[in-house]
Amino acid sequence: MKKYLFLFSLLAITATASAQKYFTKNGTISFDATASGSPENITADNRTVTCVVDGSNGNIQFKSTMKAFTFERALMQEHFNENYVESDKYPEAVFKGVITNVSTISFGKDGSYPATVKGKLTLHGVEKEVESAGTIIVAKGKVTAKANFNVLLSDYNIKVPSVVADKVSNTAKIAVNCGLEPLK
Amino acid sequence: MRFSSKPTLLVFLILFTSWLHAQDDLLGLVGEDEPKKEYVKAAFKSSRVINAHSMEFINPGTMDFRILHRFGNIDQGLKNFFGLDQASMRMGFDFGLRPNLMVGVGRSTYKKEVDGFIKYAPLRQSKGPGSFPVTVALVAGMTVDGLPWSDPTRENYFTSRLAYYFSAIVGRKFSDAFTLQITPTVVHKNLVQLQTDVNDIMGVGVGGRLKLNKRMALTWDYTQVFNGLTDGYQNPLSLGLDIESGGHVFQLHISNSAGMNERAFITETTGQWGKGEVRMGFNLSRMFQLKKKKS
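Overview of the structure. (Residues numbered from 1 in each chain as written. Chains lettered and ligands numbered in written order. Predicted model: local features only at pLDDT ≥ 70, side-chain atom pairs only at ≥ 80, totals over all residues. Heavy atoms only, no water.)

1. Side note on the overall build of chain B
Inference 1: Across its full length, chain B holds 2 helices and 14 strands.
Inference 2: Taking 295 residues into account, the globule formula puts the C-alpha radius of gyration at 19 Å, and chain B, at 27 Å, lies well above it.
Inference 3: In terms of its C-alpha atoms, chain B occupies a principal-axis envelope of roughly 120 × 45 × 40 Å.
Inference 4: Split into buried and exposed, the 295 residues of chain B put 42% on the buried side.
Inference 5: Within chain B, contacts between residues separated by at least 24 positions form 55% of all contacts whose residues are at least 6 apart in sequence.
Inference 6: When the accessible surface of chain B is summed, it comes to about 15,100 Å², and 64% of that surface belongs to carbon and sulfur atoms.
Inference 7: Within chain B, one finds 35 positive and 26 negative side-chain charges whose respective centroids are separated by 7 Å. (Helix = DSSP H or I, 4+ residues; strand = E, 2+ residues; numbered from the N terminus. Rg over C-alpha atoms; globule rule 2.2 N^0.38 Å. Buried < 20%, exposed > 50% of the residue type's maximum accessible area, 1.4 Å probe, protein only. Contact = heavy atoms within 4.5 Å. Areas by Shrake-Rupley, 256 points an atom, 1.4 Å probe, with all protein chains shown as cover. Lys, Arg positive; Asp, Glu negative; His and termini not counted. Charge placed at Lys NZ, Arg CZ, Asp CG, Glu CD.)

Structure representation (C-alpha cells):
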C-alpha cells in the first residue's frame, strides 16, 4: 500500500509540475524597422501573440500571426504582408527556445529576474538561431516576459529594395511583452 | 510478478506524463487558433486596371492622388517627340471610406470634363469559413462636359453636358500573380451629336494583371463595345506595366485611347492598333493616409 501511496504522490507531483506552465494569447510583439533619418516611422505591433512558458524546464515558445501586425499606414501594412514577409505563404513567425538560466528564476516568488533566452526563430520560412536577454517579472502570481532584440531582415531573406532603403532599415528592433497566466 | 503489475503500470503512467511534459510543442497546449474569414487583398496594385476601375479598393482613411497623362500618337515620330509633346491630363482625388466603398472626383483637360464616381462592393472575394470566390463591385459615375456650347444661339440646357456610366465588376484573384475581371458597362449620354447616334452605349471590359515580381506587374484593359460606336471609333485596348515603390504606383502603358474617364475611353477612342495609332500614357498614384489607423 505504501508503494501505491508513493507512486500516487509522484503522480501528483508531476501534475503540480505541469501547473508551472504559463501562457497568453494576447501578448505584444512590436517592431521598428525605421531607417535613420526616415520621414516615416516603419513600426507595427501585434497584440495577439501566443506565448507559453514552462517554468519547470525553461522552455519558452512564441507564435505570431503575421497579418495581425497593424501599422499606422494601411498601405504599409499591405506592403508588409504582400512584399516583405509574404503572409499568405508564411502566415506565422514561431520562436522555440529555452530560458538558459531558468534555475535562477522562481516563478512562485515575486521579483524581477534577468533571463537569457536561446532558440530558433522561424520567420518568412527561414529558421535561425537567436539569443536575447530579457526579463521575467513575477508579481502576485502573474508572470510577465519581456525582451528586446534585433533581427536582420536579410537573415530571413526579406529584401529591402533600394528605392525605400532610406525609409526601411535592414535591422528590425523587436520588443516582446507578454503578460502570462498560469496554464491549467 | 503478478503482484507488481499495477505499480509497473503506474510507473509507466508517470513516465508517460513526464514525457508529455518534455515534448517541445508547448504552443499545441493552448489550442489552435480558429480559422477566420479573410478578404483577399491586392488583386491589383491600384484601384484602376489602366483606364477601367479594378476590383481593388483603396484602404479606408486614405486618399489617392492620381495624375494621369495621355500623350499623342507615337507614329508622329521625332517631330512631336513620339507624341510626348501633346499631353492631355486628368488630375483626380479618390477617397477610401470603407474597405468596400470609395468615391472620387477628377478633372480632365480633354473637353474640360469633370467626373465623379462612387464604387461599392456588395460581395468581396474571401477565403476561410464562409468564403466567396469573386468580388462584385458596382461603379456609378457622372461626367460634366466643360467646353463652351458649340451653338450658343440655340437654347442650351446644363443637363446636355452630362453623361453617366454604370459598371459591374466581377473579378477574381486566381493566384498571387494572376487576376482577371470582366466589367459590363453602360454609358449614357444625355446629348449626342447626331440624331442617328444612340444615347446608351453598352460594352464589356476584360481586365487583368500578371505579376512579374513583387513590385512589377503586366496589365491589360480592353472593352468590347456592342452598340453605338459610329465610324471612326474603336474598342479601347491598353497594355500596361505597373511599378510600385513605397507609396507610389506608376502605371505605364500604351493604348489606342486618350480618354481618362469611362465616357471618353469607351465611346471616343479613335486610334487603331492595326495602323499603329497608339500612344503612351501613365497613371501616377500617390497614397496619403488621412486617418491614423492605430488607436
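2. Topic: the nonpolar core
Inference 1: Counting 48 residues, the largest nonpolar core has Ile99(A) and Ile136(A) as its most contacted members.
Inference 2: Setting aside chain neighbours within four positions, we find Ile99(A) in contact with Val53(A), Gly58(A), Ile60(A), Ile105(A), Ala115(A), Thr116(A), Val117(A) and Ile136(A).
Inference 3: Core analysis: the second largest hydrophobic core is formed by 21 residues, Leu75(A), Val49(B), Ile58(B) and Ile169(B) among them. (Core = buried A, V, L, I, M, F, W, Y, C linked by side-chain atoms within 4.5 Å.)

3. With respect to helix α2 (residues 74–84) of chain A
Inference 1: Of all 11 residues that make up α2(A), 11 are buried, and the element is covered over most of its length.
Inference 2: Those residues of α2(A) that sit buried are Ala74(A), Leu75(A), Met76(A), Gln77(A), Glu78(A), His79(A), Phe80(A), Asn81(A), Glu82(A), Asn83(A) and Tyr84(A).

4. A closer look at the sheet that holds strand β14 (residues 279–289) of chain B
Inference 1: Strands sit in the order β2-β3-β4-β5-β7-β8-β9-β10-β11-β12-β13-β14 (chain B) around a closed barrel of 12 strands; the barrel is antiparallel. On average, adjacent strands in this sheet sit at an angle of 20 degrees to one another, irrespective of strand direction.
Inference 2: With 9 bridges connecting them, strand β8 (residues 162–173) of chain B and strand β9 (residues 178–189) of chain B associate as antiparallel partners. For Val170(B), the partnering residue across the bridge sits in β9(B) and is Ile182(B).
Inference 3: Each of β2 (62–73), β10 (200–211), β12 (237–245) and β14 of chain B is contacted by α2(A), which is oriented at about 110 degrees to β14(B), the strand it contacts most. (Pairing = 2+ DSSP bridges. Axes fitted to C-alpha atoms, helices over the stretch in contact; angles between N-to-C directions.)

5. Structural notes on the side chain of Asp242(B)
All names here are of chain B.
Inference 1: Structurally, Asp 242 is set in strand β12.
Inference 2: Among buried charged residues, Asp 242 stands out as having no salt bridge; its nearest opposite-charge side chain is Arg 209, 6.3 Å away.
Inference 3: In terms of polar contacts, Asp 242 uses its side chain to reach the side chain of Gln 251, at 3.4 Å.
Inference 4: Filtering out sequence-adjacent residues up to four positions away, Asp 242 remains in contact with Lys 45, Arg 215, Met 216, Ala 217, Thr 219, Phe 250 and Gln 251. (Salt bridge = Lys/Arg side-chain N within 4 Å of Asp/Glu carboxyl O. Polar contact = N/O pair within 3.5 Å; in protein donor to acceptor, adjacent residues only side chain to side chain.)

6. What to know about the pairing of strand β5 (residues 92–99) of chain A
Residues and elements named next belong to chain A.
Inference 1: One ladder, built from 7 bridges, connects strand β3 (residues 59–65) with β5; its direction is antiparallel. Bridging from a neighbouring strand, Thr 65 pairs with Glu 92 of β5.
Inference 2: As judged from the 6 bridges shared by β5 and strand β6 (residues 111–123), these two strands associate in the antiparallel manner. Counterpart to Lys 96 in the pairing with β6 is Lys 120.

7. Notes on the packing of aromatic side chains
Think of a pair of aromatic rings as described by two things: how far the centres are apart, and how the planes are tilted against each other in angle.
Inference 1: A complete count under the given rule lists 12 aromatic pairs over all chains for this structure.
Inference 2: A ring pair is formed by Phe62(A) and Phe95(A), whose centres lie 6.1 Å apart and whose planes are at 50 degrees; its orientation type is tilted. Highlighted residues: Phe62(A) in strand β3 and Phe95(A) in strand β5, separated in sequence by 33 residues. The two residues Phe62(A) and Phe95(A) agree in class, both being buried.
Inference 3: Between the aromatic rings of Phe71(B) and Phe282(B), the centroid separation amounts to 6.1 Å while the plane-to-plane angle is 45 degrees, which identifies the pairing as tilted. (Phe/Tyr/Trp six-rings, centres within 6.5 Å; stacked < 30°, edge-to-face > 60°.)

8. Digging into the pairing of strand β4 (residues 101–108) of chain B
Residues and elements named next belong to chain B.
Inference 1: Burial along β4 is one-sided: the face carrying Met 102, Gly 104, Gly 106 and Ser 108 is buried and the face carrying Leu 101, Val 103, Val 105 and Arg 107 is not.
Inference 2: Here strand β3 (residues 88–98) hands over to β4 after 2 residues, the two strands then running antiparallel side by side.
Inference 3: Across 8 bridges, β4 lies against strand β5 (residues 113–123) in antiparallel orientation. For Arg 107, the partnering residue across the bridge sits in β5 and is Val 114.

9. A closer look at the pattern of salt bridges
Inference 1: With the rule as written, the count across this model stands at 18 salt bridges over all chains.
Inference 2: For Glu181(A), the salt bridge is made with Lys142(A), and the minimal N-O distance between the two is 3.7 Å. Placement of the pair is Glu181(A) in strand β9 (residues 168–182) and Lys142(A) in strand β8 (residues 142–152), with a sequence separation of 39 residues.
Inference 3: Residue Glu181(A) is classed as partly exposed on the basis of its relative accessible area of 38%.
Inference 4: For Lys142(A), a relative accessible area of 41% corresponds to the partly exposed category.
Inference 5: One continuous salt-bridge network, built from bridges that share partners, spans Lys67(A), Asp88(A), Glu38(B) and Lys127(B).

10. Things to note about the side chain of Asp45(A)
All names here are of chain A.
Inference 1: Counting through the fold element by element, Asp 45 comes out in strand β2 (residues 43–54).
Inference 2: With relative accessibility at 10%, the residue Asp 45 sits in the buried group.
Inference 3: A polar atom in the side chain of Asp 45 sits 3.3 Å from the side chain of Arg 47.

11. Here we look at the environment of Tyr120(B)
Residues and elements named next belong to chain B.
Inference 1: For Tyr 120, the position within the fold is in strand β5.
Inference 2: Note on Tyr 120: relative accessible area 38%, which makes it partly exposed.
Inference 3: Expressed as a C-alpha distance, the spacing of Tyr 120 and Ala 137, which sit 17 residues apart in the sequence, is 5.5 Å.
Inference 4: The contacts of Tyr 120, once residues within four sequence positions are left out, are Phe 57, Asn 100, Leu 101, Val 136, Ala 137 and Leu 138.

12. Here we look at the state of the cysteines
Residues and elements named next belong to chain A.
Inference 1: The tally for this structure, following the rule as stated, stands at 0 disulfides over all chains.
Inference 2: Here Cys 51 stays free of any disulfide, with the sulfur of Cys 178 as its closest cysteine sulfur at 4.4 Å.
Inference 3: Residue classification places Cys 51 among the buried residues on the basis of a relative accessible area of 0%.
Inference 4: Classification of Cys 178 as buried rests on a relative accessible area of 0%. (Disulfide = S-S within 2.5 Å.)

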